[in-house]
Amino acid sequence: QVQLVESGGGLVQAGGSLRLSCTASGKIYSMYGMGWFRQAPGKEREWVAAVLADGRTNYTDSVKGRFTISRDNNRNTMYLQMNSLKADDTAVYYCNKLPPPTLWGQGTQVTVSS
């Protein structure tokens, strides 16, 4: 069974950038989409971005123009490039396959200071 491990989180000032990585212990099949989710303290987990099997990308409105999702199937890795970070982006970020998201890992903490 495939397991996903997120990395790349950390503390960054508002306006800064981070690149998150999601590495699979097994093959990420090309027929599946992949996505990023996040959960802030005291809030529900929300979907952030997705790259679909046909290459299309989608983003939640709050991150459009700032975040970029990509995947490298040869490396079994997915990325989330986050630019112009805001305090509201502070959350634990998770990656998963789509659909459905069934491979939840531990996530990686992103903290954006004001």
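Figured I'd write up the structure that's included with this text. None of the values given here were measured: they were computed from a predicted structure.

Take the environment of Pro99 next. With respect to the helices and strands, the residue Pro99 is situated in the loop between strand S9 (91-98) and strand S10 (108-113). On a C-alpha basis, the gap between Pro99 and Met34 in space is 8.0 Å, while along the polypeptide they are 65 residues apart.

Most of strand S3 (residues 18-24) sits inside the fold, with 5 of its 7 residues counted as buried. Where strand S1 (residues 4-7) and S3 come together, 4 bridges link them in antiparallel fashion. Following the sheet pairing, Ser7 is matched in S3 by Ser21. Note: S3 against strand S8 (residues 77-82), 6 bridges, orientation antiparallel. Among the inter-strand pairings, Cys22 is bridged to a residue of S8, identified as Met78.

Cut-offs and rules
- Residues numbered from 1 in each chain as written.
- Predicted model: local features only at pLDDT ≥ 70, side-chain atom pairs only at ≥ 80, totals over all residues.
- Heavy atoms only, no water.
- Helix = DSSP H or I, 4+ residues; strand = E, 2+ residues; numbered from the N terminus.
- Buried < 20%, exposed > 50% of the residue type's maximum accessible area, 1.4 Å probe, protein only.
- Pairing = 2+ DSSP bridges.

In short, shape yes, function no, at least from these values alone.
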